[in-house]
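Observations on chain architecture
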Amino acid sequence: TDDYIYKPPASLPPGSIVIAYLRDSGGPNQENSISQQLETVTAYCQQYGLTLSRVFSDTASGRKTKNRDQFLEMFNSVLATDERLRPAGLLLWAYSRFSRDIVDFNFYLYGILKQGMVVHSLTEEIPEGLAGQIVLSVKAYTNADFSVQLGKNIKRGIAERVKAGYSNGGQAPRGYRVVRELHDSRRNGQPR
């Protein structure tokens, strides 16, 4: 795989049964969309001899668990599964895909860890043990802060566009002449 993908920890040896949770908030045109994550996770499991038993995925914001039905189903299925039948691990693209809310992150992540499962991010190297728990606490904070700052930047950007006379979507106000402008391109190469 790519050099930004980390090997599974020793606690997930070949033959381990794993599940995966995938999330994006922008649909199939977003970089690292669910289909791209699934392709990488599937190849990852083949490369390292892991058995992927189930994939849960949502297209939703990571700040709250509202509208993340697959996330809640994943969590509840882990709790409801007899420990002898429970998967050994949960694979994530990144911890930010798990949750960007500190309380949700801690509640759900440590709820899964308490069930004896390994939670492994393909793109973030987290040490095992106490040091890893400290790193995860910092990561929960930085992911939550990123989400708050992103929200502020989006609001600021919308306000700036309105001041410049642009419509932010929908029906243009009466009296406006609709003119499309090409600004640049999106990550996937489509015009913006």
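Residues numbered from 1 in each chain as written. Predicted model: local features only at pLDDT ≥ 70, side-chain atom pairs only at ≥ 80, totals over all residues. Heavy atoms only, no water.

**Quick word on the packing of aromatic side chains**
The line we're drawing: Only rings of Phe, Tyr and Trp enter the pairing, Trp through its six-membered ring, and a pair is recorded when the two centres are within 6.5 Å. The plane angle decides the type: under 30 degrees is stacked, over 60 is edge-to-face, the rest tilted. Helix numbers and strand numbers start at the N terminus; a helix is a DSSP run of H or I with at least 4 residues, a strand a run of E with at least 2. Accessible area is worked out with a 1.4 Å probe on protein chains only. A residue is then buried under 20% of its type maximum, exposed over 50%, and partly exposed in between.
Under the counting rule described, the total for this entry stands at 9 aromatic pairs. Here the aromatic rings of F71 and Y108 are separated by 5.0 Å at their centres, their planes lie at 80°, and the arrangement is edge-to-face. Of this pair, F71 sits in helix α2 (residues 69-80) while Y108 sits in helix α4 (residues 102-113), placing them 37 residues apart in sequence. Judged on exposure class, the residue F71 and its partner Y108 are both buried. Ring plane angle 90° and centroid distance 4.9 Å describe the contact between F107 and Y108, whose orientation is recorded as edge-to-face. The exposure class assigned to F107 is exposed, which follows from its relative accessible area of 52%. A residue is classified by how much of its surface remains accessible, and Y108, at 11% relative accessible area, is buried. Cluster of aromatic residues (ring-pair linked, three or more members): Y21, F71, F75, Y95, F98, F105, F107 and Y108.

**Topic: the side chain of D101**
Heads up, the rule is: Polar contact criterion, stated in full: a pair of N or O atoms within 3.5 Å, where within protein one must be able to donate a hydrogen and the other to accept it, and residues adjacent in sequence count only if both atoms are side-chain atoms.
As for its position among the elements, D101 is in the loop between α3 (95-98) and α4. Engagement of the side chain of D101 in a polar contact is seen with the backbone nitrogen of D104, the distance being 2.8 Å.

**Quick notes on the environment of V135**
Defined as follows: Throughout, a residue-residue contact means that at least one pair of heavy atoms, one from each residue, lies within 4.5 Å.
Position of V135 relative to the elements: it lies in helix α5 (residues 130-163). Apart from the residues within four sequence positions on either side, V135 is in contact with I126 and P127.

**Comments concerning the sheet that holds strand β1 (residues 17-24)**
Within a beta sheet, neighbouring strands are joined by backbone hydrogen bonds and run either parallel or antiparallel to one another. The line we're drawing: For two strands to be treated as a pair, DSSP must find at least two bridges joining them. For every element, the axis is a line fit to its C-alpha atoms; helices are fit only across the contacting stretch, and the angle between N-to-C directions ranges from 0 to 180 degrees.
The strand order β2-β1-β3-β4 describes an open sheet built from 4 strands, whose pairing is parallel. Across the chains shown, the open sheet's two edge strands, defined by having one partner strand only, are β2 (51-59) and β4 (118-121). Here the average twist between neighbouring strands, direction ignored, is 20°. Bridge count for β1 against β2 is 8 bridges, and the pairing is parallel. Within β2, the residue paired with R23 across the bridge is D58. Contacts from α2 reach β1, β2 and β3 (89-92), with the element oriented near 145° to β2.

**Considerations on α2**
Because each turn of an α-helix spans 3.6 residues, side chains separated by three or four positions in sequence point in the same direction. Worth spelling out the cut-off: A helix's residues, less one, multiplied by 1.5 Å, set its expected span.
Taking 1.5 Å per residue, 12 residues should reach 16 Å; α2 reaches 16 Å between its end C-alpha atoms and fits that length. The inward-facing, buried residues of α2 contact β1, β2, β3, α3 and α4.

Read these as layout, nothing more, since geometry by itself doesn't imply function.
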